[in-house]
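So you can see what is in the structure, the chains are spelled out below.
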Amino acid sequence: MKVFQDFPLQDHNTFKMKVSCRKFIELERPEEIVTLAEQQDLAQPYYILGGGSNVLFTHDYEGTILHPVFQGIETMEEDAQSVTLRVAAGTEWEDLIDHCLEHQYYGLENLTGIPGLVGSAPVQNIGAYGVEVKDCILAVEGYLLPTAEPFRYEAAACQFGYRSSIFKKELSGKCFISHVWFRLSKEPHYTLTYKALTEELAHQQLEPSLENIVRCVRAVRDSKLPNIDEIGCAGSFFQNPVVPEAQATALKSQIPDLVSYPAVNGVKLAAGQLIDKAGWKGYRKDDAGIYPKQALVVVNYGNATPEEIHQLYETVISDVYNKFQITLQPEVNIL
Ligand code: EPU
């Protein structure tokens with residue numbers, strides 16, 4: 001492992017916040033977490049940081065950042081119909097997508113373009129264009145903290161929900177995920193429920209195939225979401241709120257074209273639409289703003305400070321509440 005003191009985090013968070021941490025530890029092998037537990041390193045505040053694409057640092061982090069860098073994709077089982085992969089937490093998500101394309105494994109293609117590492121994917125159950133990663137996860141393996149006792153949870157035990165899992169709720173901060181097990185299909189099998197994706201396939205006159213879906217998802221993403229190499233952000237800043245059906249019906253008098261989807265405990269609304277209707281889309285004050293093509297994304301155009309981002313998202317939350325009586329919740333982890 002590599003240990004750094006007073007380490008700058010600007011290149012480890014896609015929001016590009018200029019903050020630092022007291023100690024930064026790169027884990028080159030999963031077992032190193034056991035050594036850290038034995039050395040009592042985990043008795044101090046710590047945070048497990050993957051690609052830093054779903055976090056907003058609001059100040060310097062006065063603790064230890066644990067950052068997995070071990071990578072690898074192992075084939076554990078295979079038959080004519082399916083394959084089981086065990087993927088190391090430090091593997092880039094997009095490297096896994098590329099592996100699936102190369103070997104023609106079906107299931108994760110709609111999730112192309114999501115920044116971050118494989119180990120972070122189950123924590124918030126990443127999802128896009130009609131697919132959630134839980135649909136392909138078989139199990140999650142790692143170490144319980146601070147004891148570093150090994151665990152393996154089958155998917156059913158992970159309590160996956162919309163942008164949620166046991167790792168984000170009762171086990172938040174208590175699991176060092178080392179590997180994610182995926183079960184993928186070797187037979188063509190597509191999820192084409194998302195209108196913008198089917199429209200893009202039709203627009204490009206393409207038949208569904210792994211390559212074509214990846215190409216079209218990337219095109220749709222590029223048309224709506226910032227390129228994180230150019231603009232600081234953490235993707236969707238807010239979760240889509242779930243409200244009682246009666247509240248959604250009442251809201252239609254204010255927003256006749258209200259977007260809503262069936263959800264477990266009511267209906268899910270599009271936070272981006274609410275922020276857009278409240279007039280914030282494209283707003284910019286100094287370098288903090290709301291992305292002009294997708295109001296769900298809070299952006300740092302260069303030198304926005306954590307305070308400026310904080311002030312902006314709090315103002316948006318209270319304005320959306322004042323206008324629509326809906327309290328938006330951040331989706332990103334705020335530290
Ligand atoms: N909308 C607006 N104005 C906006 C943005 C959206 O009116 O500024 C409307 C759209 O027209 C559409 C609806 O809201 O009818 C939903 O928008 P979109 O399809 O862009 O999806 P989303 O619900 O805003 C979610 C995820 C995204 C994911 C997309 C595609 C959340 C919090 N976000 O966004 O995830 O890419 O669906 O599946 O669930 C991320 O998590 O970082 C992320 C980008």
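It should be emphasised that the depicted structure is a prediction, and the values quoted were computed from it without experimental measurement.

1. Some remarks on the pattern of salt bridges
Next up, step 1: One pass over the structure, following the stated rule, counts 19 salt bridges.
Next up, step 2: Close ionic contact of D257 with K277 constitutes a salt bridge, the shortest N to O distance being 3.1 Å. With D257 in the loop between α5 (245–251) and β15 (260–263) and K277 in helix α6 (residues 271–277), the pair connects residues that are 20 residues apart, well separated along the chain.
Next up, step 3: Looking at D257, the relative accessible area reads 45%, which means it is partly exposed.
Next up, step 4: Among the ionic contacts, a cluster of salt bridges with common partners joins R29, E31 and E32.

2. So, the site of the ligand
Next up, step 1: Near the ligand there are 22 residues, and of these Y129, Y162, R163, Y194 and D276 occur at the shortest range.
Next up, step 2: One of the backbone N or O atoms of Y129 is found 2.7 Å from an oxygen atom in the ligand.
Next up, step 3: Here an oxygen atom of the ligand and a side-chain polar atom of Q294 are 3.0 Å apart.
Next up, step 4: Starting from 820 Å² of accessible surface for the ligand in isolation, the protein chains cover 81%.
Next up, step 5: Tallying contributions element by element places α6 first for the shell around the ligand, with three residues.
Next up, step 6: Classifying every residue of the shell around the ligand gives 11 nonpolar, six polar and five charged.
Next up, step 7: Each of domain 2 (73–185) and domain 3 (232–334) gives at least three residues to the shell around the ligand.

3. A look at the pairing of strand β16 (residues 266–269)
Next up, step 1: Sheet topology places strand β14 (residues 242–243) next to β16; two bridges connect them, and they run antiparallel. Each residue of the ladder has a partner; that of V242, found in β16, is K268.
Next up, step 2: Pairing of β15 with β16 involves four bridges; the strand directions are antiparallel. Its bridge partner lying in β16, S260 is registered against L269.

Conventions used here
Residues numbered from 1 in each chain as written. Predicted model: local features only at pLDDT ≥ 70, side-chain atom pairs only at ≥ 80, totals over all residues. Heavy atoms only, no water. Salt bridge = Lys/Arg side-chain N within 4 Å of Asp/Glu carboxyl O. Helix = DSSP H or I, 4+ residues; strand = E, 2+ residues; numbered from the N terminus. Buried < 20%, exposed > 50% of the residue type's maximum accessible area, 1.4 Å probe, protein only. Near = heavy atom within 4 Å. Polar contact = N/O pair within 3.5 Å; in protein donor to acceptor, adjacent residues only side chain to side chain. Areas by Shrake-Rupley, 256 points an atom, 1.4 Å probe, with all protein chains shown as cover. Nonpolar A, V, L, I, M, F, W, Y, C, P; charged D, E, K, R; others polar. Domains from an automatic or database assignment. Pairing = 2+ DSSP bridges.

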